[in-house]
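# Topology and contacts: notes
Chain residues, written in single-letter form:
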Amino acid sequence: LSSNQEVAPEKRIRLLVLNACESAALAEKFHRGLPEQLLKGIDFVIGHGIDVKDAYAHGFSAELFTNLGRGFSLKTSFSNAQNQSAQRHKLGYQLFGHQLDASKFFLTPGTVASVAEPIKRVLYGVIKADVRAFQPRVAALRKLREWLEGGATPEGDATPMRMLVHALGGFGKTTLAKMFAAQMSTQGLRDVVLFLTLSDGSCVEEYVKVAKTLGAAEGVEKLNEKDLRAHVHGLLASAEWKGKWLVVLDDLPNPRDKSAKWIVEEFPFDSGNTLVTSRWPDWGEEGSSRYWAGLELDGMTLEEACLWVVARVGEGTDVPRRWAGDQEGVRKLVQNLGLLPLAIEQAAAYANQYDTMSPARYLEEQAKSSSANRDDWEQRELRSGEYPWTFVQVISMTCEKLKEIHEKATKKANGKDSGGAIGLLKKMSYLHKDGIPEQFFTDAEWVHIGVLKKYSLVHSALGGVRVHAMTQGVVRELPGLEKSEGHALRGVLTKLHAEIEKFDYDLPKTYGGGRVCVPHVKAAVRHDGLLIRHDGPTFTNAERKDKHMIAHVCNLTGMFLNRVVGSGQDALELFEQGRDLRVQVYGKDHLSVAGMCNNMAAVYDQQGKYEKAKALYQTSFTIFQNVHGPWPPCTPGHEHVASVYTNVAGIHRAQGNYEKALELFNKGLDILLELHGQHHPSVAIVYNGIAGVYEAQGKMEDALDLYQQILAIVETKYGPEHPDVAAAFNSIGGVYLYQSEHEMALEQFEKCLAIDIKALG
């Protein structure tokens, strides 16, 4: 190329790919700044304008050359290769050509540049209109595309050939799969794209059509089912089609079901890419989990749902315009429907039947329907084949069916109520909808979980089970289960009580269990009224026990939220609920009520709401004083009084009321000295508070004296390497630093640092 001779056509470089960071400038030079004779030797150059990660560079090259090898033009191949990259990498790639049209540039075997023959494309089960049928699912489509394009994983393993899209019924698995299949066919990423609906395991009708589409011989429709399956599977595994197809197996039943046995045993999964949609997560383990990639769908985002429902309402009327103009109404509608694609689709379909329908009107109709007789829904479905038009109806009918199964089982067991699947679902309706952990269920309940999965009422989540909030609402209101409400909630709270009691503030390893319990406690305690169904002044022993348990759960969870999570406001709500329950059971002057008031005051103190904190501390002080009586002499119970003195003293110190703070600190100190003597850790805590006041007043010598007493106490009690010893050294060093005694301060800080390094690393 560097010579001045004319480059022979067969020696010309048709395409030069500079697939590296900042290579676009060099690529451009080939077509703008190099000698004319050199330009004649290179037709096209590709470069990248910014930094590019190796994974995206590899993916771009693979996509580019794969498309060229399949007969696409350079322009189309370059575009498809760009689209497989992340947005910033996509924008970085640039194509330069020397007076040539990239749309007319092809590479085919045995030629340098020619127009390729069109490749045979096969599309079955979807139409091109499905390309935009489910536009908002951008993230899900991107994941599916990344799977189909394959390549090696970061660990060096091959990308699985199988993909499971799993979700509850109504989450849009089928629509998403149709859109993906249509896109992959339109963009030419697979030569054969087949969409097969096999929800009942039957395949004869679908397979006859597929066989003919793939070029089967005449008479294929006369084959028996087994031979027909073998014939179609043979075509997919043939040299002509192997590796060129994407097959969607939509809405598959449980792989353990008899109807699905042939799919498990016969389908040629490894001859191409197979996308399975199913309510059953078990497919992801079929053969081996390493054979499968997975995508679990959840409800849409609020923005996606609003866009979709407006796009789905009727054409040729003023309905779309009216709905698009009512943004607030649409938001309320989709939120009410739980952001579920099926529910939104049904709302749009119903609106299409009535030109006057609005989002608000639909919600009104749904509310009426929710209170209607469910037997009427079933009869209407039997009479006309009409599908229930709200998702709530679908859930309600399924729950009614489970209730009938449960009632028959109870009758068969001579009235003994085992709870059954519907009973378990009732318990789950009082928990948080997401991630109900495995340890919440007994072995017997896991059998019922399988039944609930079969009916798409729950599905698997990381480390547990998930149930949709709409399902929870329906099952809580399901008629005929009122007697089980208290039993179900009591069982939930008993389990939560046992789990949250494992939390220990001094053992960080228990924090994980506390975090798991928190959302479920907050959900369950909202329904505490179900356990006490009267407003009278007295309670049964069972009711007292229930209320005490709920209050204790609220208190433990509130302490965890405040001390570990740092969520004081959430803790405050639980403390208030626990206090109110204890007042109902024990009266307003009980010690347990004082304890809850103390916890609430501590939160307000942290939030800087000092007056509220002081009022609550005063309430607890009055209760402690009335219960334990005057002092001296002091009893162990008076330590609670001392704690109130020191807590309120801390508030006065924060407000700058130093004399009042010292007065209260000393009152608390007097009680503790009488109870424990001067060498007790609780005495050291009060010394620390008083020393803080002295520092604020500038009395540094008095503060130093107290910090040294604290050091002596904690060293004697805990040893020389305890964190409290390090804190004492740090406080002493702070005083020396204030007094400009830098050498002394440095010595104390170094001692503190040595302890912390040994403890924390």
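The present account deals with the structure reproduced in this document.

Conventions adopted
- Residues numbered from 1 in each chain as written.
- Predicted model: local features only at pLDDT ≥ 70, side-chain atom pairs only at ≥ 80, totals over all residues.
- Heavy atoms only, no water.
- Helix = DSSP H or I, 4+ residues; strand = E, 2+ residues; numbered from the N terminus.
- Buried < 20%, exposed > 50% of the residue type's maximum accessible area, 1.4 Å probe, protein only.
- Contact = heavy atoms within 4.5 Å.
- Areas by Shrake-Rupley, 256 points an atom, 1.4 Å probe, with all protein chains shown as cover.
- Expected span 1.5 Å × (residues − 1).
- Phe/Tyr/Trp six-rings, centres within 6.5 Å; stacked < 30°, edge-to-face > 60°.
- Lys NZ or Arg CZ within 6 Å of the ring centre and 35° of its normal.
- Salt bridge = Lys/Arg side-chain N within 4 Å of Asp/Glu carboxyl O.
- Axes fitted to C-alpha atoms, helices over the stretch in contact; angles between N-to-C directions.
- Parallel < 35°, antiparallel > 145°, perpendicular 65-115°, else oblique.
- Left-handed = near helix turned anticlockwise from the far one by under 90°.
- Nonpolar A, V, L, I, M, F, W, Y, C, P; charged D, E, K, R; others polar.
- Core = buried A, V, L, I, M, F, W, Y, C linked by side-chain atoms within 4.5 Å.
- Patch = residues over 30% accessible without salt bridge, like charges linked within 9 Å, V, L, I, M, F, W, Y side chains within 5 Å.
- Lys, Arg positive; Asp, Glu negative; His and termini not counted.
- Charge placed at Lys NZ, Arg CZ, Asp CG, Glu CD.
- Pairing = 2+ DSSP bridges.

### Here's the deal with the overall build of the protein chain
In terms of helices and strands, the protein chain carries 32 helices and twelve strands. When each of the 761 residues of the protein chain is scored for burial, the buried share is 47%. By sequence separation, contacts in the protein chain at least 24 residues apart represent 69% of the contacts at least 6 residues apart. Split by element, the accessible area of the protein chain, about 37600 Å² in all, is 51% carbon and sulfur.

### Comments concerning helix 23 (residues 541-565)
With 25 residues, helix 23 should reach 36 Å at 1.5 Å per residue; the first-to-last C-alpha distance of 35 Å fits that figure. Of the residues one or two after helix 23, Gly566 is the one with positive phi, at around 80 degrees.

### Describing the packing of aromatic side chains
For any pair of aromatic rings, the description consists of the separation of the ring centres together with the inter-plane angle of the planes. Counted according to the given criterion, the structure contains six aromatic pairs. Consider the rings of Trp245 and Phe267, whose centres lie 6.1 Å apart with planes at 85 degrees: the pair is edge-to-face. Taken together, the residues Trp245 in strand 7 (residues 245-252) and Phe267 in the loop between helix 10 (261-266) and strand 8 (273-278) connect sequence positions 22 residues apart. Trp245 sits in the buried class, given a relative accessible area of 0%. Among the aromatic residues, ring-to-ring pairing joins Trp245, Phe267, Phe269 and Trp292 into one connected group. Between Lys178 and the ring centre of Phe195, over which it is positioned, the NZ or CZ distance is 5.6 Å.

### Here we look at the pattern of salt bridges
As enumerated under the stated definition, the model contains 16 salt bridges in all. Between Arg229 and Glu266 there is a salt bridge, with the nearest N and O atoms lying 2.8 Å from each other. Taken together, the residues Arg229 in helix 9 (residues 225-236) and Glu266 in helix 10 connect sequence positions 37 residues apart. Lys522 is the partner of Asp570 in a salt bridge, and the nearest nitrogen-oxygen pair spans 3.3 Å. In this pair, Asp570 is assigned in helix 24 (residues 568-586) and Lys522 in helix 22 (residues 511-524), connecting sequence segments 48 residues apart. When salt bridges with common partners are traced through the structure, they connect Glu225, Arg229 and Glu266 into a single cluster.

### A word on the packing of helix 23 against helix 25 (residues 591-606)
Packing of helix 23 against helix 25 brings their axes to within 11 Å, and their N-to-C directions diverge by 25 degrees. Relative to helix 25, the element helix 23 is oriented roughly parallel. Classified by chirality, the crossing of helix 25 by helix 23 is left-handed. Together, Ala551, Asn555, Met559 and Asn562 of helix 23 and Met596, Asn599, Val603 and Gln606 of helix 25 make up the contact between the two elements. When its residues are assigned to classes, the contact of helix 23 with helix 25 shows four nonpolar, four polar and no charged.

### With respect to the nonpolar core
Of all hydrophobic cores here, the largest spans 102 residues; its most connected members are Leu425, Met428, Leu452, Leu493, Leu496 and Ile690. Apart from the residues lying within four places of it in its own chain, the contact partners of Leu425 are Cys399, Leu452, Leu457, Val458, Val467, Thr471 and Val475. Among the nonpolar cores identified, the runner-up in size contains 32 residues, and Leu164, Val232, Val247 and Leu249 belong to it.

### Digging into a negative patch on the surface
Together, Glu701, Asp702, Asp705 and Glu741 make up a negatively charged patch on the protein surface. Structurally, Glu741 can be placed in the loop between helix 31 (723-738) and helix 32 (742-760).

### Here we look at the sheet that holds strand 6 (residues 192-197)
Taken in spatial order, the six strands of this open sheet run 4-6-7-8-5-9, and their pairing is parallel. With one partner strand each, in any of the chains shown, strand 4 (122-124) and strand 9 (292-296) form the two edges of the open sheet. The mean angle between the axes of side-by-side strands here comes to 15 degrees, regardless of whether they run parallel or antiparallel. Two elements, strand 7 and strand 8, share five bridges in a ladder whose sense is parallel. By the bridge assignment, Leu249 is partnered in strand 8 with Val276.

### Here's the deal with the sheet that holds strand 3 (residues 93-97)
Pairing between the strands of a sheet comes from backbone hydrogen bonds, and it takes one of two forms, parallel or antiparallel. Taken in spatial order, the three strands of this open sheet run 1-2-3, and their pairing is mixed. The strands lining the two open edges of the sheet, one partner per strand, are strand 1 (13-18) and strand 3. Each neighbouring strand pair of the sheet contributes to a mean axis angle of 15 degrees, computed without reference to strand direction. Relative to strand 3, strand 2 (residues 42-48) runs antiparallel, the two being bridged by five bridges. The residue bridging Ile46 from the neighbouring strand is Leu95, located in strand 3.

### What to know about the environment of Tyr658
Within the secondary structure, Tyr658 is located in helix 28 (residues 658-676). What makes Tyr658 partly exposed here is its relative accessible area of 27%. A sequence separation of 35 residues divides Tyr658 from Val693, and the C-alpha atoms of the two residues are 6.2 Å apart.

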